[in-house]
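Residues per chain are reported as follows:
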Amino acid sequence: MSVVHQLSPGWLLDHLSFINKINYHLHQQHKPCCSKNEPTFVHFDSLQMDSVSSFGTSATFIASDSTTKPDNDAGGNCEMFVQKYVFRPELFDVTKPYITPAIHKECQQRNEKEDLMNDVKKENFISTIGKIRGLILDGSSQLIQEGLKSGFLHPLLEKQDKCSEPMTLPLDTCNLAELCEMAKHLPSLNEVELQTLQLMEDDMVTEQDLFSRVVENNSSFTKMITLMGQKYLLPPQSSFLLSDISCMHPLLNCRQTYDVIVIDPPWQNKSVKRSNRYSYLSPLQIKQIPIPKLAAPNCLVITWVTNRQKHLRFVKEELYPSWSVEIVAEWHWVKITNSGEFVFPLDSPHKKPYEGLILGRVREEITLPLRNADVKMLPIPDHKLIVSVPCTLHSHKPPLAEVLKDYIKPDGKCLELFARNLQPGWTSWGNEVLKFQHVDYFIALDSRS
């Protein structure tokens, strides 16, 4: 369970536990084995990032799975083994706040004048921030104290208060966003071919398939794919579409509607502009996301929002009304260290230790009181907190599946937009949808026959 404690203010989550409870078991075969049925990887190494013409239709990858069987006719003797993977725990090793009091004071002085000039609704802003501050301070304190009592959180020992050596993480050698851009120059598949692709035994998948079809792993075990020499783990019962916002039609062509849609838009802000870490979308582009075509009746729509007031106002006053979504609640994700401190000072004008989630329901044009009368869903409470130690990887949001289970029907279809990782039972879309599935973010624990 990713929910460590549930109290009236909200939930204390263990993000790492959620990832590792996924069945990341890769079934493989020892060599030598029957060459006829042995899975092999044909990498995309020939595809050069600086040349669109290098995207050929012949390059393939093969999904490795556990269903491969020995070829008795060839006399082979294939020995099966299971490789288990877990997410790197050091990626959740947040022992100290990101900003010390001295740095906080410097940032406060530097940003004070700018904040006064830019905030045209200063009085309302201060009032809103004051209410949120009290909510977060009181609510998170209860959850943190419970976490300290249970031992999930632990006071920082003096011997732990030291800088650890930086770990080696995979470089962005396979720039997924850039690949999506290049894929636009591939020949278009016929409309009849734009169907969901279900990975089967030794499935041959072209890059044309990968960028133009929703890929599904409907098995009960993990599969591994290789793209541009980089390996990615696909959890069981997951599906994804790797594309940017201009190529969402394969998702729409599936004619599937969803009961839950989680959206993590790449909001425009100054740090994004400075870093060029990822592209951002304008408010107009975000409004053009086809939520009305993807949402089932009474769909729960959840949008992650930064702490900029103009983004919050945009979601509440423009975005949700344009999608016929009625706001039902506003939650906050509070980021803490392993010892229960806020990762940023609560009063910092530079960065806050929390982010917002705006929850809404798609309004139905015609009320059908008898429809799904046997399905009992609790009303969504307002001002709930999700408290967790954040992943050190940029924008790796905590899972919402377990905290939402009481507010959606048991067999509900779930979709995440602008995703950077996959979840069992969810469809994920984005131009970096496989980013945090890179095998280097995982540790291979053991191999057992």
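Residues numbered from 1 in each chain as written. Predicted model: local features only at pLDDT ≥ 70, side-chain atom pairs only at ≥ 80, totals over all residues. Heavy atoms only, no water.

A. Region of interest: the overall build of the protein chain. Along the backbone of the protein chain there are 11 helices and 19 strands. Across the 449 residues in the protein chain, those meeting the buried criterion constitute 50%. When contacts within the protein chain are restricted to residue pairs at least 6 apart in sequence, those whose partners lie at least 24 apart make up 77%. Total accessible area on the protein chain stands at roughly 22,500 Å², and carbon and sulfur atoms take up 50% of it. (Helix = DSSP H or I, 4+ residues; strand = E, 2+ residues; numbered from the N terminus. Buried < 20%, exposed > 50% of the residue type's maximum accessible area, 1.4 Å probe, protein only. Contact = heavy atoms within 4.5 Å. Areas by Shrake-Rupley, 256 points an atom, 1.4 Å probe, with all protein chains shown as cover.)

B. Structural detail: the packing of aromatic side chains. Taken as a whole, this structure holds 12 aromatic pairs when the rule is applied. Judged by centre distance (5.1 Å) and plane angle (50°), the rings of Trp11 and Trp331 are tilted. Within this pair, whereas Trp11 is found in strand E2 (residues 10-13), its partner Trp331 is found in strand E14 (residues 325-335), the two being separated by 320 residues in sequence. Each member of the pair, Trp11 as well as Trp331, is classed as buried. (Phe/Tyr/Trp six-rings, centres within 6.5 Å; stacked < 30°, edge-to-face > 60°.)

C. Molecular detail of helix H10 (residues 309-322). Compared with an ideal rise of 1.5 Å per residue, which puts 14 residues at 20 Å, H10 spans 19 Å between its outermost C-alpha atoms and is within 8% of the ideal. The sharpest bend along H10 comes to roughly 40°, located at Val315. (Expected span 1.5 Å × (residues − 1). Bend = angle between axes of the 7 residues up to and from the residue.)

D. Just the sheet that holds strand E13 (residues 295-305), in detail. Read from one edge of the open sheet, 12 strands run E1-E2-E16-E14-E15-E13-E12-E17-E18-E11-E8-E6, paired in mixed fashion. Among the strands making up the open sheet, the edge pair consists of strand E1 (3-7) and strand E6 (197-198). Pairing of strand E11 (residues 238-242) with strand E18 (residues 426-430) involves 4 bridges; the strand directions are parallel. Across the sheet, the residue bridging to Leu242 is Gly430, located in E18. (Pairing = 2+ DSSP bridges.)

E. Expanded view of the nonpolar core. Leu251, Ile261, Ile291 and Leu417 are the most contacted members of the largest nonpolar core, which totals 30 residues. Mapped onto this core, the elements with two or more residues apiece are strand E12 (258-263), helix H9 (291-294), E13, H10, strand E15 (354-362) and strand E17 (414-417). For this core, the element with the highest residue contribution is H10, accounting for 5 residues. Grouped together as the second largest cluster of nonpolar side chains are 22 residues, Leu13, Trp333, Ile380 and Leu404 included. (Core = buried A, V, L, I, M, F, W, Y, C linked by side-chain atoms within 4.5 Å.)

F. Highlighting the environment of Ile302. Structurally, Ile302 can be placed in strand E13. Given the relative accessible area of 1%, Ile302 is considered buried. In the structure, Ile302 is positioned 98 residues away from Leu400 in sequence and 9.8 Å away in space, judged by C-alpha atoms. For Ile302, the contacting residues outside a window of four places in its chain are Ile261, Val262, Ile263, Tyr320, Leu357, Ile358, Leu359, Leu400 and Leu404.

G. Quick peek at the pairing of E1. Sheet topology places E1 next to E2; 4 bridges connect them, and they run antiparallel. Residue His5 lies in a different strand from E2, and its bridge partner there is Leu12. Hairpin geometry of E1 and E2 is characterised by an intervening segment of 2 residues between the two adjacent antiparallel strands.

H. Looking closely at unusual backbone geometry. Phi at Gln237 takes a positive value of approximately 55°, unusual for a residue other than glycine. On the secondary structure map, Gln237 appears in the loop between strand E10 (230-234) and E11. One non-glycine residue, Phe418, lies in the positive phi region at around 65°. Within the secondary structure, Phe418 is located in the loop between E17 and E18.

I. Fine view of the environment of Cys299. Examined against the element boundaries, Cys299 turns out to sit in strand E13. Distance from Cys299 to Gly360, taken between C-alpha atoms, is 8.2 Å for residues 61 residues apart in sequence. In this structure Cys299 touches Tyr258, Asp259, Val260, Ile261, Gly360, Arg361 and Val362, once residues within four positions along its chain are discounted.

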